[in-house]
Amino acid sequence: MSIQYKTISELRSMLDAKKISSKEIVEETFNLIERNSDLNAFITLNKDAAIAKSIEIENSSVKSSLHGIPIAQKDLFCTKDLRTTCGSNILSNFIPPYSATVIENLENAGCISVGKTNMDEFAMGSSNETSFFGGVVNPWGDKLVPGGSSGGSASAVAAGIVPAATGTDTGGSIRQPASLCGITGLKPTYGRISRWGMIAFASSLDQAGPMARTAEDCAIMLNEMCSHDTKDTTSLSEDIPDFTKELNASIKGLKIGIVKEFDMSKLDDNVVSIFEESKKHYESLGAEFVEVSLPNISLSVPAYYVVAPAECSSNLSRFDGVKFGQRSENPINLEELYIKTRSEGFGDEVKRRILIGSYVLSAGFYDAYYKKAQQVRRLIKNDFDSAFKEVDVIMSPTTRGAAFKAGSKGSDPIQMYLEDLFTIPANLAGLPAMSIPNGMVDNKPIGLQLIGNFLDEKRILQVAHSFQKSTDWHLKTPEGNKLS
Ligand code: GLN
């Protein structure tokens, strides 16, 4: 029985009706991984342990929706006794002695981690081309990038290998690849999910989240991923609702904000017309559109590219050849140990970020760059606070266009940075946001972004689900497209 492209809910029904066992699902998952190895979606597989767990849990009493379901884990989450590389040479032999809270939560709910997915090095990138382990292929086209940094997770879900995967989103790394691969991805409110055991990129922006085919499956994943964690001081202690409840609530009378300052002229024509179609669709479901103003939104990308590198330069100082991972051979003294290890271990994009970050934090430039960027960030957050007094959600395209060819943006980092034009603001403001498939451009999927108010994941999931109940963009598969 084929399990390819099945959702969590569908696999759940098959398991509950005893039409298939978890062991059969897991074995079939590894066949799919092998048949799709040209996607390069996985860095490390967890085959023996996964099959052993599928047998072991067969008669267990845990009964969560994820019980016995295969999930792929982004290689940024520490996994006990399973190599965790963060897409980098410097961690290419790192085996963590513990698992991230997210991984523990999911595994305690009975899910089966089948492997670690490929990603941009230390989650820095928008095309998965910065991985030490090579680029990931988007199943929608041979030379197309899957987006990044959670490109391996997006590709694995889009190819129907796993029903869901974990991702992380610092400036768009769940939503942008979800958009480019035609799947659904959710970045929760900052602090909703524990960051403990997530290898830090920019700590004040990083947030884990689910990537799946449907909003319903994202809700199922989110239920298990969230927890209040005393090991992460930014973990929120607010009540965690059941995100699957009220998914079917009507959106009649819902007020959707359209941002006046988002410059649609910079988008592909097709993306604009698809966006307009989606607006009409929401109107037919009873929603109302309201123009909102976010006056400082155009400063999001510049502010992000000061704050994120600053935090990265500090976070990545721990990779010095002493505490973790690779160490360069035969250094003549301590200084050379640091220099050689870091020069050999990090790729170009990571080095660029460390240099920029060290510069903006240095004594002479701190006030001019870092402090200013933090002030701008606060203004952007205030803009959102005012907008959410008028509307329930804010809607925009997720990306400026569909998936692009590998290598096509290589020489100009700014072009790559602009990939996250629409996604970065939600990270700066700490707000929940998701991407759902809403159309195709030249046979390639694109996504629609829904931004919610603080802790209002339930609402954006509802709004996404109502779209998916009445459209079929999320059901499209790249089958037969691979070599186009
Ligand atoms: N593309 C953005 C960057 O390179 C965001 C990455 C992310 O969300 N991890 O910083």
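Residues numbered from 1 in each chain as written. Predicted model: local features only at pLDDT ≥ 70, side-chain atom pairs only at ≥ 80, totals over all residues. Heavy atoms only, no water.

*Asks:* When you look at the overall build of the chain in this model, what are you seeing that I'm missing?
*Replies:* Regarding its fold elements, the chain presents 15 helices and 11 strands. Here the C-alpha atoms of the chain give a radius of gyration of 21 Å, agreeing with the 23 Å that 2.2 N^0.38 yields for 484 residues. Each principal axis of the C-alpha atoms in the chain carries an extent, and together these give about 70 × 55 × 45 Å. Looking at the 484 residues of the chain, the share that counts as buried comes to 61%. Taking the intrachain contacts of the chain between residues at least 6 apart in sequence as the baseline, contacts between residues at least 24 apart amount to 76%. Here the chain has roughly 18300 Å² of accessible surface; of this, 50% comes from carbon and sulfur atoms. Between the centroid of the 50 positive side chains of the chain and the centroid of its 59 negative side chains there is a distance of 1 Å. (Helix = DSSP H or I, 4+ residues; strand = E, 2+ residues; numbered from the N terminus. Rg over C-alpha atoms; globule rule 2.2 N^0.38 Å. Buried < 20%, exposed > 50% of the residue type's maximum accessible area, 1.4 Å probe, protein only. Contact = heavy atoms within 4.5 Å. Areas by Shrake-Rupley, 256 points an atom, 1.4 Å probe, with all protein chains shown as cover. Lys, Arg positive; Asp, Glu negative; His and termini not counted. Charge placed at Lys NZ, Arg CZ, Asp CG, Glu CD.)

*Asks:* Would you mind showing me how to read the site of the ligand here?
*Replies:* Near the ligand, the surroundings consist of 15 residues, among which Thr170, Gly171, Ser173, Tyr304 and Asp420 are the closest. In the environment of the ligand, an oxygen atom lies 3.2 Å from a nitrogen or oxygen atom belonging to the backbone of Gly172. Between the ligand and the protein, one listed contact pairs an oxygen atom with a side-chain N or O atom of Arg353 at 2.8 Å. For the ligand, whose unbound accessible area comes to 300 Å², protein coverage reaches 99%. Split by residue class, the shell around the ligand holds five nonpolar, seven polar and three charged. (Near = heavy atom within 4 Å. Polar contact = N/O pair within 3.5 Å; in protein donor to acceptor, adjacent residues only side chain to side chain. Nonpolar A, V, L, I, M, F, W, Y, C, P; charged D, E, K, R; others polar.)

*Asks:* In this structure, what is going on with the sheet that holds strand β2 (residues 70-74)? I would like to understand it.
*Replies:* To summarise the sheet geometry, strands pair through backbone hydrogen bonds and adopt either a parallel or an antiparallel arrangement. What the 11 strands build is an open sheet, ordered β1-β3-β2-β4-β6-β5-β10-β11-β9-β7-β8; its pairing is mixed. The open sheet has two free edges, formed respectively by β1 (42-45) and β8 (288-292), since each of these has just one partner strand. This sheet shows a mean twist of 30° between the axes of neighbouring strands, independent of strand direction. With eight bridges connecting them, strand β10 (residues 433-441) and strand β11 (residues 444-452) associate as antiparallel partners. (Pairing = 2+ DSSP bridges. Axes fitted to C-alpha atoms, helices over the stretch in contact; angles between N-to-C directions.)

*Asks:* Quick question: what am I supposed to make of helix α1 (residues 8-16) here?
*Replies:* Every α-helix carries 3.6 residues per turn, so stepping three or four residues along brings you back to the same face. For α1, the full list of buried residues reads Ile8, Leu11, Arg12, Met14 and Leu15. Considered in projection along α1, the buried side chains sweep an arc of 165° and stay on one side of the axis. Packed against the buried residues of α1 are α2 (22-35), β2, β4 (164-168) and α7 (215-225). Where α1 ends, the next residue or the one after it, Lys18, has phi of about 55°, a positive value. (Arc of directions from axis to C-beta.)

*Asks:* Whenever I open this one, the packing of helix α4 (residues 101-108) against α7 confuses me. Can you help?
*Replies:* To characterise two packed helices, one gives the angle between the axes of the helices and the distance between these axes. At their nearest, the axes of α4 and α7 sit 8 Å apart, and the two run at 110° to each other. With respect to each other, α4 and α7 are oriented roughly perpendicular. Facing Val102, Asn105 and Leu106 of α4, the residues of α7 in contact are Met221, Glu224 and Met225. Split into classes, the residues belonging to the contact of α4 with α7 amount to four nonpolar, one polar and one charged. (Parallel < 35°, antiparallel > 145°, perpendicular 65-115°, else oblique.)

*Asks:* Before we go on, may I ask you to explain unusual backbone geometry in this structure?
*Replies:* Residues other than glycine predominantly adopt negative phi, and peptide bonds predominantly adopt the trans conformation. For the bond from Gly148 to Ser149, the omega torsion is 5°, close enough to zero to count as cis. With respect to the helices and strands, the residue Ser149 is situated in the loop between β3 (112-117) and α5 (151-158). In the Ramachandran plot, Phe122 falls in the positive-phi region, its phi being about 50° despite a non-glycine side chain. Classification of Phe122 as buried rests on a relative accessible area of 1%. Of note in this structure, Glu246 is not a glycine but carries a positive phi near 65°. Positionally, Glu246 belongs in the loop between α7 and β7 (255-259).

*Asks:* It is not clear to me how the pairing of β11 should be interpreted in this structure. Could you clarify?
*Replies:* Both faces of the sheet carry side chains from a regular strand, because those side chains alternate between them. The buried fraction of β11 amounts to nine of the nine residues, a majority that puts the element mostly inside the structure. Residues of β11 alternate between two faces, with Lys444, Ile446, Leu448, Leu450 and Gly452 on one and Pro445, Gly447, Gln449 and Ile451 on the opposite face, all of them buried. As paired elements, strand β9 (residues 393-397) and β11 share five bridges and run antiparallel to each other. The residue of β11 that forms the bridge with Ile394 is Ile451. Linking β10 back to β11 in an antiparallel pair, the connection comprises two residues, with Asp442 at a positive phi of about 50°.

*Asks:* I keep staring at the side chain of Glu457 and nothing clicks. Help me out?
*Replies:* Checked against the element boundaries, Glu457 lands in helix α15 (residues 457-470). By relative accessible area, Glu457 is classed as buried at 0%. A distance of 2.7 Å separates the side chain of Glu457 from the side chain of Thr189, its partner in a polar contact. The contacts of Glu457, once residues within four sequence positions are left out, are Pro188, Thr189, Arg192, Leu222, Phe243 and Pro432.

*Asks:* Help me understand the environment of Thr230 in this model?
*Replies:* Structurally, the position occupied by Thr230 is in the loop between α7 and β7. Placed 34 residues apart in sequence, Thr230 and Trp196 show a C-alpha to C-alpha distance of 9.3 Å.

*Asks:* I keep staring at the side chain of Gln449 and nothing clicks. Help me out?
*Replies:* The topology assignment puts Gln449 in strand β11. Of note is the side chain of Gln449, whose polar atom sits 2.8 Å from the backbone oxygen of Phe422. Dropping the residues within four chain positions of it, Gln449 is found in contact with Arg175, Ile394, Met395, Ser396, Pro397, Thr398, Phe422, Thr423, Ala433 and Met434.

*Asks:* Would you mind showing me how to read the packing of α2 against helix α3 (residues 47-56) here?
*Replies:* Closest axis-to-axis distance for the α2/α3 pair is 8 Å, and the angle between their directions is 160°. It follows that α2 is roughly antiparallel to α3 by the angle criterion. Once α2 is placed against α3, the crossing between them reads as right-handed. Across the interface between the two elements, Ser22, Lys23, Val26, Glu27 and Phe30 of α2 pack against Lys47, Ala50, Ile51, Ser54 and Ile55 of α3. Looking at side-chain class alone, the contact of α2 with α3 contains five nonpolar, two polar and three charged residues. (Left-handed = near helix turned anticlockwise from the far one by under 90°.)

Geometric values such as these leave the question of function open.
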